[in-house]
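# Coordinate analysis (summary)
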Amino acid sequence: MNIILLGPPGAGKGTQAKRLVDERQMVQLSTGDMLRAARTSGTAMGKRVADVMDRGELVTDEIVIGLIREQLETRDAPGGFIFDGFPRTLAQADALGDLLAEEGQALDAVIELQVDDEVLVQRVVGRAEEAKAAGQEPRADDTAEAMRTRLMAYYKQTSTLIGYYHAKGKLTSVDGMGSMDAVAADIARVLG
Ligand code: AMP
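Calculation rules
Residues numbered from 1 in each chain as written. Predicted model: local features only at pLDDT ≥ 70, side-chain atom pairs only at ≥ 80, totals over all residues. Heavy atoms only, no water. Helix = DSSP H or I, 4+ residues; strand = E, 2+ residues; numbered from the N terminus. Buried < 20%, exposed > 50% of the residue type's maximum accessible area, 1.4 Å probe, protein only. Contact = heavy atoms within 4.5 Å. Core = buried A, V, L, I, M, F, W, Y, C linked by side-chain atoms within 4.5 Å. Near = heavy atom within 4 Å. Polar contact = N/O pair within 3.5 Å; in protein donor to acceptor, adjacent residues only side chain to side chain. Nonpolar A, V, L, I, M, F, W, Y, C, P; charged D, E, K, R; others polar. Pairing = 2+ DSSP bridges. Axes fitted to C-alpha atoms, helices over the stretch in contact; angles between N-to-C directions.

### Some details on the environment of S41
Here S41 shows up in the loop between α2 (31–40) and α3 (44–55). Considering only alpha carbons, one finds S41 and I65, 24 residues apart in sequence, at a separation of 20 Å.

### Considerations on the environment of K13
Its location among the elements puts K13 in helix α1 (residues 13–24). Among the residues examined, K13 registers a relative accessible area of 10% and is labelled buried. Along the sequence, K13 and D61 sit 48 residues apart, while their C-alpha atoms lie 20 Å from each other. Contacts of K13, omitting those with residues within four sequence positions, involve L5, L6, G7, P8, D84, G85 and L113.

### As for the nonpolar core
Membership of the largest hydrophobic core comes to 33 residues, with the highest contact counts inside it found for L35, I68, L72, F83, L96 and Y165. Of all the secondary structure elements, the ones that give two or more residues to this core are β1 (3–6), β2 (27–30), α2, α3, α4 (61–74), β3 (81–84), α5 (90–102) and α8 (160–167). Ranked by residues supplied to this core, first place goes to α4 with six residues. With residues near it in sequence (within four places) discarded, I68 still touches L29, T31, M34, F83, F86, L96 and L99. With 19 residues, the next largest nonpolar core counts L5, A17, I82 and V124 among its residues.

### A word on the site of the ligand
The local shell around the ligand holds 16 residues, among which T31, R36, E57, G85 and Q92 are the closest. Within the contact set of the ligand, a nitrogen atom lies 2.8 Å away from a side-chain nitrogen or oxygen of T31. Backbone polar atom of V59 to a nitrogen atom of the ligand: 3.1 Å apart, as the coordinates give it. When residues in the shell around the ligand are grouped by element, the largest group, four residues, is from α2. The residue makeup of the shell around the ligand, split by class, is six nonpolar, four polar and six charged.

### Considering the pairing of β3
Where burial is concerned, the two faces of β3 agree: the one with F81 and F83 and the one with I82 and D84 are both buried. Pairing of β1 with β3, which is carried by three bridges, proceeds in the parallel orientation. Bridging from a neighbouring strand, I4 pairs with F83 of β3. When β2 meets β3, the two strands line up parallel, connected through four bridges. Bridge assignment links V27 to a residue of β3, and that residue is F81.

### Observations regarding the packing of α5 against α8
At a minimum axis separation of 10 Å, α5 and α8 run at an interaxial angle of 35°. Here L90, A93, D94 and L96 of α5 lie close against α8, whose contacting residues are T160, L161, Y164 and Y165. When its residues are assigned to classes, the contact of α5 with α8 shows six nonpolar, one polar and one charged.

Note that all results are geometric; they support no functional claim without further evidence.
Here's what the structure looks like:
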């Protein structure tokens, strides 16, 4: 089963994806994690995207589609793929449909996690504070200011995918405000 976790920054996509990896042997494909890894290893692409990411804007479709293409062509996922933070634009959504078709695969479900904006900002700023308390470097984009840009990018460029997947009959919206366990239970009900 191949699924997309859709939702604004801080909605819990990564957390829920990791649970699905543990519980269902699915493979998580997070373009955010891939881009951060490219930065850490200092690749030319990593350097190119650093400032854009730190500001909270989206990197180009070409880059993230390339990352996903490479994963789909090389990774085996008997339990299916979880797309986390991808697609974020209509061009990416179309490309994902094409890439899956090329691999003889289908998209089974899109789960939208719904969380109020105030809670998103609290969560993301809290995530940075927790990282600092644990002696780790917080994400450069987990600040109140970058978060405003990230939320704007979500509403301007990504939220249109809710309608796109609704029209394709793939969309289920889940209340993402509850506890991690409650949200996981709702997702499990959708996936069956
Ligand atoms: P995330 O970890 O999903 O919150 O992503 C962190 C940052 O990486 C985003 O704010 C963007 O700058 C970039 N990014 C991640 N995924 C995408 C994507 N699918 N399209 C464009 N930019 C992305």
